[in-house]
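Read off the chains here:
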Amino acid sequence: MNNQDAMKQQAAEAALTYAEGGVIGVGTGSTVNHFIDALARIKGRIEGAVSSSEASTKRLEGHGIRVFDLNAVGELSLYVDGADEANHALQLIKGGGGALTREKIVAAASRQFVCIADQSKLVDVLGAFPLPVEVIPMARSHVARQLVKLGGTPVWREGVITDNGNLILDVQNLDLIDPVTLEQAINNIAGVVTVGIFALRPADLLILGTADGPKTLH
Ligand code: 5RP
């Protein structure tokens, strides 16, 4: 395990204390994979999970953790997920793994969103990481043209189909100094399913794995 992966695992282990019972929302990615593996050790404490991707569902079920449809459960008390970038206001860029739509839905349906990441994910201003945007296939070129008008340089993530049957555009060169306004602007483009800015609903807590142990930001 390299240093970065060890820090991801450290953040994931620290998030376990928030899993106090009921059904837990579970995100997607390598940091969340550590969380799922840790969750397996205390699975008797929870009823099960709502998953944000087919990949996480497979891993949860592989550990014998029951996976519920979000429609079958009420509001969730906790959602744990990773991020590609986080700023000090706990606004995030997500979707590097292509699961942003279900991640945004589960985050919206949860009272507390605990984000887990290694320290490299914390930035002053979001936007060095190319912003993922999930789009309806027939709208790909239209959405790309609108993103260019916003100052972005969209690149089609070729060969990738999301769990919802859609496409991903990764957008560079956008100005993310005001993440809420840009999230709303991109949400308003016809054909956009989800933009990977999580600013209207940021994380409530960010647990960072660092060389000095886990650090929690509120
Ligand atoms: C997937 C995500 C992930 O949370 C994000 O890509 C971080 O991944 P990792 O934990 O592997 O660094 O948004 O869509």
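As the structure is a prediction and not an experimental result, all values here were calculated from the model.

A. Expanded view of the pairing of strand 13 (residues 205-209). With five of five residues buried, strand 13 is to be regarded as a mostly interior element. Neither face of strand 13 is left uncovered, since the one carrying Leu205, Ile207 and Gly209 and the one carrying Leu206 and Leu208 both have all their residues buried. Judged from the five bridges that link them, strand 7 (residues 110-118) and strand 13 form a sheet pairing that is parallel. Bridge pairing links Ile116 to Ile207 in strand 13. Bridge count for strand 13 against strand 14 (residues 215-217) is three bridges, and the pairing is antiparallel. Bridge pairing in strand 14 places Leu208 opposite Lys215. Turn length for the strand 13-strand 14 hairpin, with the two strands adjacent in sequence and antiparallel, is five residues, and the turn residue Gly213 shows positive phi of about 100 degrees.

B. A look at the packing of aromatic side chains. Scanning the entire structure with this criterion turns up one aromatic pair. A centroid spacing of 5.1 Å and a plane angle of 50 degrees characterise the contact between Tyr79 and Phe113, whose relative ring orientation is tilted. Pair noted here: Tyr79 is in strand 4 (residues 76-81) and Phe113 is in strand 7, with a separation of 34 residues, a long-range link. The exposure classification of Tyr79 matches that of Phe113, with both residues buried. Positioned over the ring face of Phe198 is Lys94, at 5.7 Å from the centre of the ring. For the cation-ring pair, Arg140 lies above Trp156, with the distance from its terminal atom to the ring centre recorded as 3.8 Å.

C. The arrangement of the UniProt feature "active site" (unreviewed entry) in the protein chain in detail. The UniProt entry lists Glu103 under the feature "active site" (unreviewed entry), expressed in the numbering used here. Within the element layout of this structure, Glu103 appears in helix 4 (residues 100-108). Ignoring sequence-local partners within four residues, the contact set of Glu103 consists of Thr28, Ser52, Tyr79, Asp81, Lys94, Gly95 and Phe198.

D. Focus on the packing of helix 2 (residues 30-41) against helix 3 (residues 54-62). The contact between helix 2 and helix 3 brings their axes to 9 Å, and the two run at 20 degrees. With respect to their mutual orientation, helix 2 and helix 3 come out roughly parallel. Note on packing geometry: the crossing formed by helix 2 with helix 3 is right-handed. Of the residues in helix 3, those in contact with Val32, Asn33, Ile36, Asp37 and Leu39 of helix 2 are Ser56, Arg59 and Leu60. Among the residues making up the contact of helix 2 with helix 3, the classes are represented as four nonpolar, two polar and two charged.

E. Seen up close, the nonpolar core. In this structure, Val26, Phe35, Leu39, Val114 and Ile116 are the most contacted members of the largest nonpolar core, which totals 23 residues. Elements represented by at least two residues in this core include exactly helix 1 (3-15), strand 1 (23-26), helix 2, strand 4, strand 7 and strand 13. Residue contributions to this core peak at five residues, all from helix 2. Not counting residues within four places of it along the chain, the set of residues in contact with Ile116 comprises Ala11, Ala12, Ala15, Thr31, Val32, Phe35, Val80, Asp81, Gly82, Ala83 and Ile207.

F. Representation of the pattern of salt bridges in the model. Within the structure shown, the criterion is met by nine salt bridges. The partner of Arg59 in a salt bridge is Asp37, with the nearest N and O atoms 2.9 Å apart. With Arg59 in helix 3 and Asp37 in helix 2, this residue pair connects regions lying 22 residues apart in the sequence. Residue classification places Arg59 among the partly exposed residues on the basis of a relative accessible area of 33%. Arg111 is the partner of Glu75 in a salt bridge, and the nearest nitrogen-oxygen pair spans 2.9 Å. Remark: Arg111 occurs in strand 7 and Glu75 occurs in the loop between strand 3 (67-68) and strand 4; sequence separation between them is 36 residues. Each member of the pair Glu75 and Arg111 is classed as exposed.

Rules used throughout
Residues numbered from 1 in each chain as written. Predicted model: local features only at pLDDT ≥ 70, side-chain atom pairs only at ≥ 80, totals over all residues. Heavy atoms only, no water. Buried < 20%, exposed > 50% of the residue type's maximum accessible area, 1.4 Å probe, protein only. Helix = DSSP H or I, 4+ residues; strand = E, 2+ residues; numbered from the N terminus. Pairing = 2+ DSSP bridges. Phe/Tyr/Trp six-rings, centres within 6.5 Å; stacked < 30°, edge-to-face > 60°. Lys NZ or Arg CZ within 6 Å of the ring centre and 35° of its normal. UniProt positions renumbered as here; feature names shortened; annotations may be inferred. Contact = heavy atoms within 4.5 Å. Axes fitted to C-alpha atoms, helices over the stretch in contact; angles between N-to-C directions. Parallel < 35°, antiparallel > 145°, perpendicular 65-115°, else oblique. Left-handed = near helix turned anticlockwise from the far one by under 90°. Nonpolar A, V, L, I, M, F, W, Y, C, P; charged D, E, K, R; others polar. Core = buried A, V, L, I, M, F, W, Y, C linked by side-chain atoms within 4.5 Å. Salt bridge = Lys/Arg side-chain N within 4 Å of Asp/Glu carboxyl O.

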